[in-house]
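Summary of the model geometry
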Amino acid sequence: MTTRFDRLMNERNLPLPQFSMLNHFSRDPQQRYTITQLAAAFQANQPAMTKTVQHLLEKGYLEFQVSQEDKRVKFHSITPAGLAAHQQAIDRLEPDAQLIFAEWSSEEIETLHKSLFRLKNWLDDRRDTVGIDNEV
């Protein structure tokens, strides 16, 4: 899927990590996130999040506001341009997604959606545990 995504999005200059972040922000466009919050949400390190955020800031897809309480903290939010870029990416990906699932019944798609949602919730609930004995 990553290869298919990269081929479709190559001309848009929107690599998967940047799309994923725009996708995260677009769920609630009014929400603001710190790098620490993004790192936790993506289960990634802060330097990786900083790099992805920086690319999106340079493109005008994200903006930030400095915290009034602590000037070292920045709250990032999606811009109208970021929402538009996200929608353009979705529009670009949709025909391929329809092709991929063309032979699936609506029940099969619903089952897949429920299973993936269940997996996502399980992983989110156990974000800080790894292995059988829950030791990192």
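Everything below is about the structure printed above this text.
Just so we're clear, the structure is a prediction, and the values are computed from it rather than from any experiment.

Things to note about helix H5 (residues 80-100)
For an α-helix, 3.6 residues make a turn, and residues three or four places apart therefore share a direction. Helix length check: H5, at 21 residues, gives a terminal C-alpha distance of 30 Å against a target of 30 Å (1.5 Å per residue), a fit within 8%. The principal kink in H5, of about 35°, is found at Glu 94, preceding the proline Pro 95 by one to four residues. When we look at burial in H5, the residues that qualify are Gly 82, Ala 85, His 86, Ala 89, Leu 93 and Asp 96. Among the structural elements, helix H1 (2-9), helix H2 (16-26) and strand S2 (74-78) are those in contact with the buried residues of H5.

Examining H2
Every buried residue of H2 is listed here: Gln 18, Phe 19, Met 21, Leu 22, His 24, Phe 25 and Ser 26. The secondary structure elements touched by the buried residues of H2 are H1, helix H3 (35-42), helix H4 (46-58), strand S1 (62-66), S2 and H5.

Things to note about the nonpolar core
If you look at the biggest cluster of nonpolar residues, it comprises 21 residues, and the most contacted ones within it are Leu 14, Met 21, Leu 22, Phe 25, Leu 38, Leu 56 and Leu 62. Every element with two or more residues in this core is listed here: H1, H2, H3, H4 and H5. Residue contributions to this core peak at 4 residues, all from H2. When sequence neighbours within four positions are dropped, the list of residues in contact with Leu 38 reads Met 21, His 24, Phe 25, Tyr 33, Met 49 and Val 53.

Comments concerning the packing of aromatic side chains
Overall, the coordinates contain 3 aromatic pairs when judged by the stated rule. Measuring from centroid to centroid gives 5.3 Å for Phe 5 and Phe 19, while their planes differ by 50°, and the two rings are tilted. Here Phe 5 is found in helix H1, whereas its partner Phe 19 is found in helix H2, with 14 residues between them in sequence. For the pair Phe 5 and Phe 19, one class covers both residues: buried. Plain terms: the ring middles of Phe 25 and Tyr 33 are 5.1 Å apart, the flat faces sit at 90° to each other, and that makes the pair edge-to-face. Each member of the pair, Phe 25 as well as Tyr 33, carries the same accessibility label: buried. Across the ring face of Phe 64, the terminal group of Lys 74 is positioned such that the distance to the ring centre comes to 4.5 Å.

Scoring rules and cut-offs
Residues numbered from 1 in each chain as written. Predicted model: local features only at pLDDT ≥ 70, side-chain atom pairs only at ≥ 80, totals over all residues. Heavy atoms only, no water. Helix = DSSP H or I, 4+ residues; strand = E, 2+ residues; numbered from the N terminus. Expected span 1.5 Å × (residues − 1). Bend = angle between axes of the 7 residues up to and from the residue. Buried < 20%, exposed > 50% of the residue type's maximum accessible area, 1.4 Å probe, protein only. Contact = heavy atoms within 4.5 Å. Core = buried A, V, L, I, M, F, W, Y, C linked by side-chain atoms within 4.5 Å. Phe/Tyr/Trp six-rings, centres within 6.5 Å; stacked < 30°, edge-to-face > 60°. Lys NZ or Arg CZ within 6 Å of the ring centre and 35° of its normal.

Such coordinate-based values are descriptive only and should not be taken to indicate function.
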